Amino acid sequence: MSTNILSHPLLDHKLALLRSVGTSTKDFRELTNEISMMLAYEALFDAPTVPTVVTTPMGRTRGQLVDSDSFVFVPILRAGLGMMDGVLAVMPNAKFGHIGLERNEETLEPSSYYFKTPRGLENTIACVLDPMLATGGSASAAIAQLKKAGAKKIKLLVMVAAPEGVEKIEQEHPDVDIFAAVLDEYVNNVGYIVPGLGDAGDRIFGTT
Ligand code: PRP
Ligand code: URA
């Protein structure tokens, strides 16, 4: 397993805009998708491909096509849904599952309210999508549910990770690869990542 914190000036630029309290809902959604596209690009570095032959205007050449059937993307509701269009930009035929989890505001423990994935999970690479990895409780619970449903290879794609969440996933799911756009400082006493970006779900869905 590996923890990959991405590093790129374009990503830093988008993260700075995303974090700003002055960013509109429209811009927040667009930036979330753009960052998600970059996360998917990075996380899919080992995507299985199938050989093909292409006829160009100049002749024939060999090519490789990504086998999109080998992936299932699994947003954690609700904020993970905000990452969906970004993933679709790089893999338009992608299959999706959904996991509904909500943190209890007092205990910060996640409770499950929905789980549905495509058949054949055991033969795919399951990519969990969530903008925020704070205490890690939600991501860890989602990964455990996917494993119970048969997933054998799992990647976790998050925009903002906290050290506490990374440590929890590394301890509880050492077989899972983490891809994060940035590693922040800490989780505060009410469960928010600092400096973070606030409540990702509220900012994506305009529920503040
Ligand atoms: C947020 C976020 C993660 C979770 C991260 O979801 O989208 O799922 O908190 O926190 P954790 O790492 O401490 O578990 P939330 O429960 O607020 O639900 P929402 O997406 O419906 O807003
Ligand atoms: N969930 C969020 O949306 N933001 C945080 O900072 C932590 C958890």
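Each remark here, short or long, concerns the structure printed above.
Only a predicted model underlies this, so the values are computations on that prediction, with no experimental measurement involved.

## Brief notes about the pairing of strand β2 (residues 49-56)
On a regular strand, each side chain points to the face opposite its neighbour's, so the side chains alternate between the two faces of the sheet.
Phase 1 of the analysis: In terms of strand pairing, β2 meets strand β3 (residues 59-66) through eight bridges, oriented antiparallel. From the neighbouring strand, Thr49 faces β3, where its bridge partner is Val66.
Phase 2 of the analysis: In textbook terms, the turn of a hairpin is the stretch between consecutive antiparallel strands, and for β2 and β3 this stretch comprises two residues.

## Observations concerning the site of ligand 2
Phase 1 of the analysis: If you check the shell around ligand 2, you find Arg103, Met132, Ala134, Gly191, Tyr192, Ile193, Gly198, Asp199 and Ala200 and nothing else.
Phase 2 of the analysis: Ile193 places a main-chain nitrogen or oxygen 2.8 Å from an oxygen atom of ligand 2.
Phase 3 of the analysis: Taking Gly198, its main chain carries an N or O atom lying 2.8 Å from a nitrogen atom of ligand 2.
Phase 4 of the analysis: For ligand 2, whose unbound accessible area comes to 230 Å², protein coverage reaches 88%.
Phase 5 of the analysis: When atoms are counted within 2 Å of each cavity's grid points, the one that captures over half of ligand 2 is the largest pocket.
Phase 6 of the analysis: Residues that form the shell around ligand 2 fall into these classes: five nonpolar, two polar and two charged.

Reading guide: rules and limits
Residues numbered from 1 in each chain as written. Chains lettered and ligands numbered in written order. Predicted model: local features only at pLDDT ≥ 70, side-chain atom pairs only at ≥ 80, totals over all residues. Heavy atoms only, no water. Pairing = 2+ DSSP bridges. Helix = DSSP H or I, 4+ residues; strand = E, 2+ residues; numbered from the N terminus. Near = heavy atom within 4 Å. Polar contact = N/O pair within 3.5 Å; in protein donor to acceptor, adjacent residues only side chain to side chain. Areas by Shrake-Rupley, 256 points an atom, 1.4 Å probe, with all protein chains shown as cover. 1 Å grid on protein atoms, 1.4 Å probe; cavity = no way out; pocket = protein on both sides within 12 Å on 5 of 7 lines; lining within 4 Å. Sits in = over half its atoms within 2 Å of the grid points. Nonpolar A, V, L, I, M, F, W, Y, C, P; charged D, E, K, R; others polar.

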